[in-house]
Amino acid sequence: MNTLILPPKNPDLDGIACALAYSELRKLPWSYYGTPQLEPRILMERYGIFVDPPKPADAYIFVDNSELPGLPPFVDPKKVVEVIDHRSSPGVEKHFPNARILIERVGAAATLIGEKFIENGIEPSRISATFLRAAIYSNTLAFRASITTERDRKIYEYLGRFAEPVEEWLMKKRNEAYFQNLREQLTLDLSYYPDASLGISQLEVFGAEPFLERIEEILEVLRSLARAHKLQHIFLNMPDIATGTSYFITEDERIKEVLERVFGAVFEGAVGKREGLLLRKQVKEIVKKNLKEGI
Ligand SMILES: [Mn+2]
């Protein structure tokens, strides 16, 4: 029986790290479906990592996701024999009736894979340790995100014995890519909510200064995105992982008022600032509600 390890489609660094490292631990092949995101692409290039495109297998191990929409389309959920994830997923036993399921709420699935190395008394290779460690760092926003647990910190530290410390290098590389493709990135990462005529773009940066110097350009992109999607309100959510400060960029007075009143942001012109990272998923519902109620 051949078994294939897969992350969710279009995997992020956590998914790729889990598949790659678990493949080493279990001595099973891994692959991915779709296009890996920017961070795993940067690291895979650095270490020259290529895998064969996925081929149908007798059985699958699904890592860093536990929902059917994340599953590559050629995979029959009944053939999934193991699921490893770090977010609770209602109905997971029904969706994967033949799977052994490990779901524990930690900051990164990479933490769970790191723990498996310890449980099995096996030391990870340099590459596996490096990917897992970078995934924990990125997924927890350098341990500043509220999902971070003590287990994440512990495994991160443990992996430090084997890993190359690439986290800051990776974040800077990602920043450079964002900086060079700012317009595309803001457009790609726009989420919009027609019920509140609201658009929110997000840019996770490592050092905000160079981006703040391009404020006029950012505002121009936001204006054109609002026009294209017929949105009345739009802003950019820009958490800076290097300093733990959140920035908000908008010309919209209503948005400014809500962000100031609800989240304690302080605006100077179009740039609002607040200590502590806030992600779009944490602000969107409250901003929507306030806009709709017209407070
Ligand atoms: Mn994850």
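Residues numbered from 1 in each chain as written. Predicted model: local features only at pLDDT ≥ 70, side-chain atom pairs only at ≥ 80, totals over all residues.

## Overview of the domain arrangement of the protein
Item 1. The domains assigned to the protein are domain 1 (3-171) and domain 2 (182-293).
Item 2. Computed from C-alpha atoms alone, the centre-to-centre distance between domain 1 and domain 2 is 30 Å.
Item 3. Tallying the contact residues gives five residues for domain 1 and five residues for domain 2.
Item 4. Per-class residue counts for the side of domain 1 that touches domain 2 are four nonpolar, no polar and one charged. (Domains from an automatic or database assignment. Contact = placed C-beta atoms within 7 Å. Nonpolar A, V, L, I, M, F, W, Y, C, P; charged D, E, K, R; others polar.)

## Some points on the environment of K78
Item 1. Topologically, K78 is positioned in the loop between β2 (59-63) and β3 (80-85).
Item 2. When the C-alpha positions of K78 and N98 are compared, they lie 6.0 Å apart, and in sequence the two are 20 residues distant.
Item 3. Excluding residues within four positions of it along the chain, K78 makes contact with P97 and N98. (Helix = DSSP H or I, 4+ residues; strand = E, 2+ residues; numbered from the N terminus.)

## Details of helix α1 (residues 13-26)
Item 1. The end-to-end C-alpha distance of α1 is 20 Å, a good match for the 20 Å that 14 residues give at a rise of 1.5 Å each.
Item 2. Most of α1 sits out of view: 10 of its 14 residues are buried.
Item 3. Buried residues of α1: L13, D14, G15, I16, A17, C18, A19, L20, A21 and Y22, and no others.
Item 4. Packed against the buried residues of α1 are β1 (3-6), α2 (38-46), β2, β3, α4 (109-119) and α5 (126-139).
Item 5. Following α1 by one or two positions, K27 adopts a phi angle in the positive range, close to 55°. (Expected span 1.5 Å × (residues − 1). Buried ≥ 20, exposed ≤ 12 C-beta atoms within 10 Å, placed from the backbone.)

## Focus: the sheet that holds β3
Item 1. Overall, parallel pairing links the four strands, which are arranged β1-β2-β3-β4 in an open sheet. Sheet topology places β1 and β4 (100-103) at the edges, where each strand pairs with a single neighbour. Mean inter-strand twist for the sheet, computed between neighbouring axes without regard to direction, equals 10°.
Item 2. Bridge count between β3 and β4: four bridges; the pairing is parallel. Bridge pairing in β4 places E82 opposite R100. (Pairing = 2+ DSSP bridges. Axes fitted to C-alpha atoms, helices over the stretch in contact; angles between N-to-C directions.)

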